[in-house]
Amino acid sequence: GGGIEIERREPKDGSLTLNASVDAGSYGWGGARADLSGKKEWFGGSLVGSYSESDLIDANDDGNPNLPRFDRYTVEGAAWFEFTDDISLKVGAQRYEESQREGPASYDFITSTRLSPPQRPVYIYDLENVELDRDQYDLRFDGRFDDGSTLFEKTLKRSELTPPAR
């Protein structure tokens, strides 16, 4: 697995900004997001949280779900320090969890064959539940000379997937 790096616009000095949104759709889909960020002179930071959920989707009403029911959330925090115009340090952490219920896993050929009348086949799928947990930590240091060359620029990432509890 790899990490995803999202570059956000840093807020202007002396500002504190809150963005929030809530939306809903078909099949019980709903989501919400809040983003708080601010900066004061050499220090800045942000905190982001999002949540979404959806009901199980059986679009063709055949009794086999096309997409699982899910609940998902993400929490992300970051801080950055600008020691000079040419030297900065950014640190951050992110938590992601997703729970999927009754998603299509594999076609059950034997059961489908036994239950199928010749005139109308029956398709049966095994269902599965999936739990995803991920933590990611970031550390970035930037240093530049006056001519634009880079003294040191490094992003260190650590990403962990938590195996589901048995």
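If you're wondering where the values come from, they're calculated on a predicted model, not measured in any experiment. Counting restarts for each chain, with residues numbered from 1 along the sequence as it is written. Reporting of local features is limited, given that this is a predicted model, to residues whose pLDDT is at least 70; pairs of side-chain atoms are given and counted only at 80 or more, and all residues count toward the totals for whole chains, interfaces and linings. The basis for every side-chain value is the complete set of heavy atoms in the structure, and neither hydrogens nor water enter the calculation.

Chemist: Would you mind going over the overall build of the protein with me for this structure?
Modeler: Put simply, DSSP H or I for four residues or longer makes a helix, DSSP E for two residues or longer makes a strand, and each gets a number counted from the N terminus. Scanning the protein from N- to C-terminus turns up 1 helix and 7 strands. Buried residues in the protein amount to 22% of all 166 residues. Contacts: residue pairs with any heavy atoms within 4.5 Å of one another. Pairs at least 24 apart in sequence give 51% of the contacts found in the protein among residues at least 6 apart. Here the accessible surface of atoms and residues is derived via Shrake-Rupley with a 1.4 Å probe, and residues count as covered only by protein chains that are part of the display. Of the roughly 11,700 Å² of accessible surface on the protein, 55% is carried by carbon and sulfur atoms. Exposure is judged per residue with a 1.4 Å probe applied to protein chains only, and the accessible area is read against the type maximum: over 50% gives exposed, under 20% gives buried, and values in between give partly exposed.

Chemist: Please explain the environment of Glu97 as it appears in this structure.
Modeler: With respect to the helices and strands, the residue Glu97 is situated in strand β5 (residues 87-107). Taking the relative accessible area as the measure of exposure, Glu97 reaches 25% and is therefore partly exposed. In the structure, Glu97 is positioned 34 residues away from Glu131 in sequence and 7.5 Å away in space, judged by C-alpha atoms. The residues contacting Glu97, other than those within four sequence positions of it, are Asp71, Arg72, Tyr73, Leu132 and Asp133. Counted as a polar contact is a pair of N or O atoms within 3.5 Å, where, for protein atoms, one must be capable of donating a hydrogen and the other of accepting one, and residues adjacent in sequence contribute only when both atoms are in side chains. Within the local environment of Glu97, its side chain forms a polar contact with the side chain of Arg95, the two groups lying 2.6 Å apart.

Chemist: What am I meant to see in the side chain of Ser99 here?
Modeler: The topology assignment puts Ser99 in strand β5. Classification of Ser99 by relative accessible area gives buried; the value is 14%. Residue contacts for Ser99: discarding those within four places in its chain leaves Arg69, Phe70, Asp71, Val130 and Glu131.

Chemist: Could you clarify how one ought to interpret the environment of Thr150 in this entry?
Modeler: Secondary-structure assignment places Thr150 in strand β7 (residues 150-161). Given the relative accessible area of 43%, Thr150 is considered partly exposed. Put simply, Thr150 and Asp86 are 64 residues apart on the chain and 9.4 Å apart in space, counted from C-alpha to C-alpha. Leave out the neighbours within four places in its chain, and Thr150 touches Gly143 and Arg144.

Chemist: What exactly am I supposed to notice about the pattern of salt bridges here?
Modeler: Opposite charge on two side chains lets them pair, provided their charged atoms get close. By convention in these notes, a salt bridge is any Lys or Arg side-chain nitrogen within 4 Å of a carboxyl oxygen on Asp or Glu. Counting across every chain of the model gives 8 salt bridges. Between Arg95 and Asp135 there is a salt bridge; the shortest N-O distance is 2.9 Å. Of this pair, Arg95 sits in strand β5 while Asp135 sits in strand β6 (residues 125-144), placing them 40 residues apart in sequence. Given a relative accessible area of 22%, Arg95 falls into the partly exposed group. For Arg101, the salt bridge goes to Glu131, with nearest N and O atoms at 2.3 Å.

Chemist: Teacher, can you tell me more about the packing of aromatic side chains here?
Modeler: We describe a pair of aromatic rings using the distance from one ring centre to the other and the angle between the two ring planes. Within 6.5 Å between ring centres, the rings of Phe, Tyr and Trp (the latter by its six-membered ring) count as paired, and their orientation is classed by plane angle as stacked under 30 degrees, edge-to-face over 60, tilted in between. Taken as a whole and assessed by the stated rule, the structure comprises 4 aromatic pairs. Taking 6.1 Å as the distance between ring centres and 65 degrees as the angle between the ring planes, the aromatic pair formed by Trp42 and Phe43 counts as edge-to-face. Using a relative accessible area of 46% as the deciding quantity, one classes Trp42 as partly exposed. Geometrically, the ring pair formed by Phe43 and Phe81 is tilted, given 5.3 Å between the ring centres and 50 degrees between the ring planes. Of this pair, Phe43 sits in strand β3 (residues 43-54) while Phe81 is found in strand β4 (residues 69-82), placing the two residues 38 residues apart along the sequence. Using a relative accessible area of 35% as the deciding quantity, one classes Phe43 as partly exposed. Judged by its relative accessible area of 22%, Phe81 falls in the partly exposed class. Ring-pair connections join several aromatic residues into one group, and the members of that group are Trp42, Phe43, Phe81 and Phe83.

Chemist: Would you explain unusual backbone geometry in this entry?
Modeler: Peptide bonds are, in most cases, trans, and in most cases residues other than glycine have a negative phi. Phi is positive for Tyr27, which is not a glycine, with a value near 60 degrees. With respect to the helices and strands, Tyr27 occurs in the loop between β1 (15-24) and β2 (30-40). The phi angle at Glu41 is positive, at roughly 55 degrees, despite the residue not being glycine. In this structure, Glu41 sits in the loop between β2 and β3.

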